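# Fold and geometry: a report
Listed here are the chains, written in short residue letters.
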Amino acid sequence: MLFNSPEFAIFFLIIFFAYWSLRKRLTPQNHLLLVASYVFYGWWDVRFLFLIVLTTVIDYCAALLIDRGALTVRQRVSASTFLIVCALLFVVPQWQALWLTREGLAYSLHVDWSMLFDNPFGWKVLGATLTAIALGNAVYPFVRNLSEGALRKLIVTASIVANLTILGFFKYFNFFADSFAELYVRILGVQPDWVTLNIVLPVGISFYTFQTMSYTIDVYRRDMKATDRLSEFATYLAFFPQLVAGPIERGAHLLPQFQRPRHWPSREQIREGVWLIFWGLFKKLVIADNMATIVNRSFEPFDSLSSTVAPTDGLTLLVALYAFALQIYCDFSGYSDIARGTGKLLGFDIMVNFRLPYFATSPSSFWRRWHISLSTWLRDYLYIPLGGNRGSPWMTYRNLTLTMVLGGLWHGAAWNFALWGLYHGLLLSVYRALNLRTERGAYRWWTLGAMGLLMFHFTCIGWLLFRAQNVETIGIFLESIILHPVASGQTFSDLKDILFYGWFLLLFQVIQERTNDLNPMRRWHWFWRLNVWLYILMSLWTLSSAGGQEFIYFAF
Amino acid sequence: MLVAVAWTLVAAELFLRAFAPVPMLPRFVEPTYYGVRGNSPDMQFLHRTRDYEIQIRINKQGMRADREFTYEKPPGVTRIVVLGDSFGLGYEVDLQNTFLSRMEQRLTAAGRKVEVINLSVSGHGTAEELLVLQNEGLRYFPDLVLLVWHETDYQNNAESRLFRLDERGRLVREAQSYLPAEAIRAFLARIPGYQWLSTHSQAFTFLREKGASWYKIVTRFLSGSQRYPALDEINVAQVEYPPVVPEGEKRLALALLQRIKEESTTNGAALLILDVPVRISRSEFYSSFPRGDEGAPLYFNVVNPIPVFEQHEGELLYWEQSHGHFTPLACRLVGEELATAILTVL
């Protein structure tokens, strides 16, 4: 279910009213959110819900074992039952055997009983689940008898390995299988059909896997206590506003919010929540989707290798990079804004994921503003454990580069993501080596402005590495921009479109940056607020790109 | 509060004019005595977009024409009665540039004395056109009935429920009238300055058109049927051209065309059909005319301008910033094709 779809609007309205009708009843509210989140996710593919459930059960048990050294019988029974029931619900039936028909407003449900349970793969998964539960319970007494230190280490390692195995299989199997197949063909000249399973990537797997890993590691580090209630943890992991494209929340921030009573949001919270939703939709539908037209037109000939000649109007390609910078920012931060807005309306505070990243004046400043939930995750669970900046300068550069390369690969198994990460790692290292600190007060405003402009262009080069489908495209863009910096009619036409769709965002963000406030409107006179709202609503109504597109980060 | 509402309306108007101008193509229709919409008689109004401003004049008989016509046919005159929708009415082009005017000019140049009785009404489908022919068109003693076929006819015919096919496949009359959103239209028409707002206010036009499209979506939803998940939607990655027309809609359209042909020939008029090409891009078009087992295009005399459009590949044949009707260039090409066909028919 896409945030920018009518289905989501109806879904959210139903959930919103049902949820607040259960006010003061915390457990039913959490249960409702869990069901809603599973419906939201299952809209794409019901079978993949089982992966979330599996991850939930693994980390629920792991965290309790790490924190308490043991699981109660009730906890073991509830985890096992949850897993079996979900396997029976999500993977055993063939959901295509159920369909609805509508005549006017009369709906009828149809079931093809012969097909419903004719699913050998589903039964195998159920069998494997039962075997795993039996094995887990058989091994449990031995594990419990380990010393505290050994138990904690064993369980946290097992949890990380399990999570990374699931993530790796679904995210990286195709890449390695394809690479292996290519090598096989080159050496033996035969196409091996047994390695190409064509694994479908479950939406949001990178996001919720990192979220659950941070929880287990935080419990291991004694930064937080493990939760006793499976339903609370399941809801935390599958919370629909941020399930498929973040922000990657931390247990210490989000989990307690499921444990305390939530009150009907204040007028200010509702106002901010609704604003974030519409602001996010504006960024996505009006800016990102319209920028996609420019970007796709510019990249397509090189993506498909139908053209390998560097165009003579290099500035058109530079403008296409500006358009992509705007597209990816508005697409991703738009999603985060909608997530935060829906969360607010349900009484939750979801972390800020973007803080005006194109106003950054250095790479470190950029990463403090861009995809904050991932960059802080990488800092806390990768960069610092690697040694951070505690060693020699060269060790620091190594740690920075390694962290960024792995951050790039988090997006997917492709060399361009690794290259993008490497580029940012090197950029961070170079700025650090040159001691280019750009905090407020260090330079005059015009120097900072120039450095901001320079950083924006560095970011755009990064986006070229990120967006390119092949190495040739990178070469063609760079050659064209550097050797043929010439404008054509297309350059001005694209630039005009960027300004047409993006001018309001730029103006609003200048105000946000100047006031150092992401929501400056709350202090404005009602007349100015009305005008901003009118502009946003009218833009959504009239300038939205036709045909809703998926969010880019769903692919990660 | 009042200030906020008033400013909202003003700001919406300013926004549309500055950022997203709306094509202003007002339509003034009213019920006829035979239960379908007809053009409101004796009106003059403007159609405006970023590309053009044209004047539409509807005569006292409800036709787009700059003069009146008598029912009696003057001696020596060949009469052509036109049944159609907004394409037939000549939306988005001046009267002298409509394909009917072009056709008339070409026929006159060929020495034919013709009168074109244009009974087209924007929004009409084949079912309404049949009623127009029976109740109005035949009174003009036509020598030729020219029917303007458009892709939207399929859906219009089904939605109007004016006719249906019985179990033996015969065409039978069902509803006695089809006047969609008539109450809303009547209400709007009573608003002082409605006509002025329709032709001058972007915000008013925008809201009215959005309202009309929502009305259509809701009524289609309420009267339609669907399967969820729709297997064909899941399996078809992209829209295919031409789109698949439901078999029932196709058979109904063929039956209506057959009836129009019978009515015409029984009354001594030939039937010629203009198959309005549907545009995919500036170089790709497709025909939406029904092709049943009966070999419809062979049975009917159809003018299909796609070959001549393809000779003008890349040129502006349909307006792209508005409702997508023919440009003057396309009208000239279609008018010439029609004139050539008529000279062989009559």
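Worth saying up front: this structure is predicted, and the values here are computed from it rather than measured.

## Topic: the overall build of chain A
Helix and strand counts for chain A stand at 20 helices and two strands. Whereas a compact globule of 556 residues would reach a radius of gyration of roughly 24 Å, chain A reaches 25 Å, a difference of no more than 12%. Judged by the C-alpha coordinates and their principal axes, chain A covers about 70 × 65 × 55 Å. By residue count, 38% of the 556 residues in chain A fall in the buried class. Long-range pairs, those at least 24 residues apart, make up 76% of the contacts in chain A between residues at least 6 apart in sequence.

## Section: the interface of chain B and chain A
In this assembly, 16 residues from chain B lie in contact with 14 residues from chain A. Elements represented by at least two residues in the side of chain B that touches chain A include exactly helix H1 (2-19), helix H8 (202-223) and strand S10 (225-228) of chain B. By residue number, the principal contributor to the side of chain B that touches chain A is H1 of chain B, which donates eight residues. By residue class, the composition of the side of chain B that touches chain A is 11 nonpolar, four polar and one charged.

## Structural notes on the domain arrangement of chain A
In many reports, interface size means the accessible area that the parts give up when they come together. Residues and elements named next belong to chain A. Parsing chain A into structural domains produces domain 1 (6-101 + 109-257) and domain 2 (267-356 + 487-555). Using C-alpha coordinates to define each centre, domain 1 is positioned 32 Å away from domain 2. Looking at the side of domain 1 that touches domain 2, the elements with two or more residues in it are helix H1 (6-21) and helix H10 (251-259). Among the elements that make up the side of domain 1 that touches domain 2, the one with the highest residue count is H1 (three residues).

## Structural notes on the pairing of strand S11 (residues 270-275) of chain B
Residues and elements named next belong to chain B. Burial analysis of S11 places five of its six residues in the buried class, the great majority of the element. Bridging between S11 and strand S14 (residues 302-303) involves two bridges; their strand directions are parallel. Within S14, the residue paired with Ile273 across the bridge is Val302.

## Some remarks on the nonpolar core
Residue and element names in this part refer to chain A. Counting 130 residues, the largest nonpolar core has Ala238 and Ala323 as the members making the most contacts within it. Among the elements that line this core, the one with the most residues is helix H12 (residues 314-345), at 19 residues. Built from parts of two domains, this core gets at least three residues from each of domain 1 (6-101 + 109-257) and domain 2 (267-356 + 487-555). Aside from chain neighbours lying at most four places away, what touches Ala238 is Leu34, Ser37, Tyr38, Tyr41, Ile52 and Leu243.

## Some details on the packing of helix H5 (residues 153-160) of chain B against helix H10 (residues 247-266) of chain B
Residues and elements named next belong to chain B. Contact geometry of H5 with H10 gives a least axis separation of 9 Å together with a crossing angle of 90°. On the basis of the axis angle, H5 is roughly perpendicular to H10. On the side of H5, the interface is formed by Asp153, Tyr154, Asn157 and Ala158, while H10 contributes Glu249, Leu252, Ala253 and Leu256. For the contact of H5 with H10, the residue count by class is five nonpolar, one polar and two charged.

## Structural notes on unusual backbone geometry
With a phi angle near 55°, Asn516 of chain A is a residue other than glycine that sits in the positive phi range. Examined against the element boundaries, Asn516 of chain A turns out to sit in the loop between helix H19 (489-515) and helix H20 (526-542). The residue Asp42 of chain B is not glycine, and still its phi comes out positive at about 55°. Position of Asp42 of chain B relative to the elements: it lies in the loop between strand S2 (37-39) and strand S3 (43-48). According to the C-beta neighbour criterion, Asp42 of chain B is exposed, with 11 such atoms within 10 Å.

## Some thoughts on the environment of Ala181 of chain B
Its location among the elements puts Ala181 of chain B in the loop between strand S9 (171-173) and helix H6 (182-190). Linking Ala181 of chain B and Leu144 of chain B, residues 37 residues apart in sequence, is a C-alpha distance of 33 Å.

## Overview of the packing of helix H11 (residues 267-303) of chain A against H20 of chain A
Residues and elements named next belong to chain A. Axis separation between H11 and H20 bottoms out at 10 Å; the angle between their running directions is 40°. What the angle tells us is that H11 and H20 run oblique. Of the two possible hands of crossing, H11 and H20 adopt the one that is left-handed. In this structure, H11 uses Phe278, Trp279, Leu281, Phe282, Leu285 and Val286 to contact H20, whose residues at the interface are Ile536, Ser539 and Leu540. Of the residues that constitute the contact of H11 with H20, the class distribution is eight nonpolar, one polar and no charged.

## Considering the sheet that holds S14 of chain B
All names here are of chain B. Sheet architecture is open: five strands sit in the order S6-S5-S7-S11-S14, paired in parallel fashion. At either end of the open sheet lies a strand with only one pairing partner, and these are strand S6 (114-118) and S14. For strand S5 (residues 78-83) and S6, the ladder comprises five bridges, and the chain directions are parallel. For Val81, the partnering residue across the bridge sits in S6 and is Ile117.

## Description of helix H4 (residues 126-135) of chain B
It helps to recall that an α-helix has 3.6 residues per turn; residues three or four apart then point in one direction. Residues and elements named next belong to chain B. Where burial is concerned, most of H4 is hidden: eight out of the 10 residues are buried. Within the sequence span of H4, burial applies to Thr126, Ala127, Glu128, Glu129, Leu130, Leu131, Val132 and Leu133. Residues of H4 that are buried sit in contact with S5, strand S7 (144-149), H5, strand S8 (163-165) and H10.

Parameters at a glance
Residues numbered from 1 in each chain as written. Chains lettered and ligands numbered in written order. Predicted model: local features only at pLDDT ≥ 70, side-chain atom pairs only at ≥ 80, totals over all residues. Helix = DSSP H or I, 4+ residues; strand = E, 2+ residues; numbered from the N terminus. Rg over C-alpha atoms; globule rule 2.2 N^0.38 Å. Buried ≥ 20, exposed ≤ 12 C-beta atoms within 10 Å, placed from the backbone. Contact = placed C-beta atoms within 7 Å. Nonpolar A, V, L, I, M, F, W, Y, C, P; charged D, E, K, R; others polar. Domains from an automatic or database assignment. Pairing = 2+ DSSP bridges. Core = buried A, V, L, I, M, F, W, Y, C linked by C-beta atoms within 7 Å. Axes fitted to C-alpha atoms, helices over the stretch in contact; angles between N-to-C directions. Parallel < 35°, antiparallel > 145°, perpendicular 65-115°, else oblique. Left-handed = near helix turned anticlockwise from the far one by under 90°.

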